[in-house]
Protein chains: 2
Amino acid sequence: MNSNRDTKIHGNQKRKTVEQRRQDILEAGLKIFAKKGYNGSTTAEIARAAGVAEGTIFRHFPTKKDLLIAVLEPKVLEGLIQLDKEHVGDTPTEFFRCFLWNRLGLIKENDALIRLMFAEAQYHSEVREALFKGVLGQGISIIRPWFEKGVERGDFKDLPFLPTMRSFMGMVMFYGLFGHVMLGLSPERTMDEAAGNILDLFLHGLAR
Amino acid sequence: MNSNRDTKIHGNQKRKTVEQRRQDILEAGLKIFAKKGYNGSTTAEIARAAGVAEGTIFRHFPTKKDLLIAVLEPKVLEGLIQLDKEHVGDTPTEFFRCFLWNRLGLIKENDALIRLMFAEAQYHSEVREALFKGVLGQGISIIRPWFEKGVERGDFKDLPFLPTMRSFMGMVMFYGLFGHVMLGLSPERTMDEAAGNILDLFLHGLAR
DNA sequence: AATTTTAATGAGTGATTACTCACTTATAGA
DNA sequence: TCTATAAGTGAGTAATCACTCATTAAAATT
């Protein structure tokens, strides 16, 4: 009756929803994978972190690799959709400011996930494809019309799109991605400040 | 007499130098580690690729991890020293052109190594430190005086050094590092062209 | 309440792993 | 040439791993 959702009462033991358990496992998977990498993580440890038996993992995900994919895929698209709904600015320059802000926020919140994705993309073609289509590819297809509009309006120079974007992506990715590798190297106090620095350089360059 | 180097003759069997064997193992280690990551590689496979018995690896390197470190460390510094000896330009702008060219070359030649280093830096603090001190840290200390000179001469704006460098590094790193992730996304035909694009953007920005 | 269906469990399994060590082989020195 | 030493070998080992499956427990259905 009140059945398939919520699943409680009756016995003195209650049980989490299937979906809740799945989420627990995904969350634990992300945590452990991010900390130790795919091959460095064991299903036993993930199970422990999720508070389930090891066998339970394999009831939800056929293999360890399927778990990895499941951990990465949905998150990849999450942030992109976000951008569509947000205010995105009216001018191309304004768009870049919004986009940059949005990405820096995403990177800061999901840095473990993103580093994991870049690391594992080297070894698993499925991850590589998800990364490409989801993050980089989509990012580029969102930017492109604004870039072209900027060139048409005379706001931007007529630089080659893809190389310019690769550099832009590099600036953005490097911000959060390797912040922990660079240690205390980035003295900005706020994300605003960081975004300002990046955007200023991207738009106007270093030369006087 | 002619002894300790070259080590041949006498028996009908000759043997490689200790140093040669070491190099074989290091080379094979790089190849396999780069392809499969540290935890995804087995010492058996590395031994096979090096043409030695598995036990031989452990005669040269106490543990698998020591092999990883040995693979990464020397290469890290190699390219930096290179720069000191090369012509580096007279003006700050010229210096950046040379530095960029040098780095792009290094990245293109050692992309497997560099990707491996960034991937493993997340999981091994020794690698992280080597990466930081060797590549990023040194790179920054080479650049700094030129950057400051450029600001003094009025060639450059007075932008904050570290955030600007982080962006620059990002542009450079992203070039080769994720070329294979970005697939055919970067349509430059030559490294010259790529360097030109990056430098142009870095110096003058996108805005008109 | 009784029964069926679905979910969770964790000890067990075969495969794989980094590393060892007793032994062989080549080289250096006499 | 003969011997002592250094280098190389690979079968063996204990540990670990992803994954299975017979058993138990809860939820849904009757």
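(A) How the structure looks around empty space enclosed by the protein. Applying the stated criterion across every chain, the model contains six cavities of 30 Å³ or more. When its volume is computed, the second largest cavity comes out at roughly 110 Å³. Lining of the second largest cavity is provided by 16 residues; of these, Asn39, Glu120 and Tyr123 of chain A together with Glu120 and Tyr123 of chain B occupy positions nearest its centre. At the level of elements, helix 6 (111–121) of chain A together with helix 6 (111–121) of chain B are the ones that each hand at least two residues to the lining of the second largest cavity. Residues that form the lining of the second largest cavity fall into these classes: six nonpolar, six polar and four charged.

(B) Layout of the domain arrangement of chain A. Residue and element names in this part refer to chain A. Partitioning chain A into structural domains gives domain 1 (2–61) and domain 2 (65–204). In terms of surface lost to domain 2, no three residues of domain 1 exceed Leu30, Phe33 and Tyr38, which account for 55% of the buried area on that side. Along the contact surface separating domain 1 from domain 2 lie zero salt bridges. Among the elements that make up the side of domain 1 that touches domain 2, the one with the highest residue count is helix 1 (residues 18–36) (seven residues). In the side of domain 1 that touches domain 2, the residues fall into nine nonpolar, two polar and one charged.

(C) Quick peek at the relation of the copies chain A and chain B. Superposition record for chain A on chain B: RMSD 0.1 Å, screw rotation 180°, translation along axis 0.0 Å. Read as a symmetry element, the transformation amounts to a two-fold axis. Taken as a fraction of all interface residues of chain A, those also at the interface in chain B reach 100%, which identifies the copy contact as same-surface.

(D) Representation of the interface of chain A and chain B within the structure. Each side of the interface is counted separately: chain A has 59 residues, and chain B has 59 residues. Here chain A and chain B share an interface that buries about 5500 Å² over both sides, 68% of which is from carbon and sulfur atoms. In terms of surface lost to chain B, no three residues of chain A exceed Arg166, Phe174 and Leu206 of chain A, which account for 16% of the buried area on that side. Connecting chain A to chain B are zero salt bridges. At the junction of chain A and chain B, the tally comes to 16 residue pairs in polar contact (both at pLDDT 80 or more).

Criteria and thresholds
Residues numbered from 1 in each chain as written. Chains lettered and ligands numbered in written order. Predicted model: local features only at pLDDT ≥ 70, side-chain atom pairs only at ≥ 80, totals over all residues. Heavy atoms only, no water. 1 Å grid on protein atoms, 1.4 Å probe; cavity = no way out; pocket = protein on both sides within 12 Å on 5 of 7 lines; lining within 4 Å. Points joined across faces, edges and corners; volume = space filled by probe spheres on them. Helix = DSSP H or I, 4+ residues; strand = E, 2+ residues; numbered from the N terminus. Nonpolar A, V, L, I, M, F, W, Y, C, P; charged D, E, K, R; others polar. Domains from an automatic or database assignment. Buried area = accessible area lost by both parts, 1.4 Å probe. Salt bridge = Lys/Arg side-chain N within 4 Å of Asp/Glu carboxyl O. Least-squares fit on C-alpha atoms with pLDDT ≥ 70 in both. Contact = heavy atoms within 4.5 Å. Polar contact = N/O pair within 3.5 Å; in protein donor to acceptor, adjacent residues only side chain to side chain.

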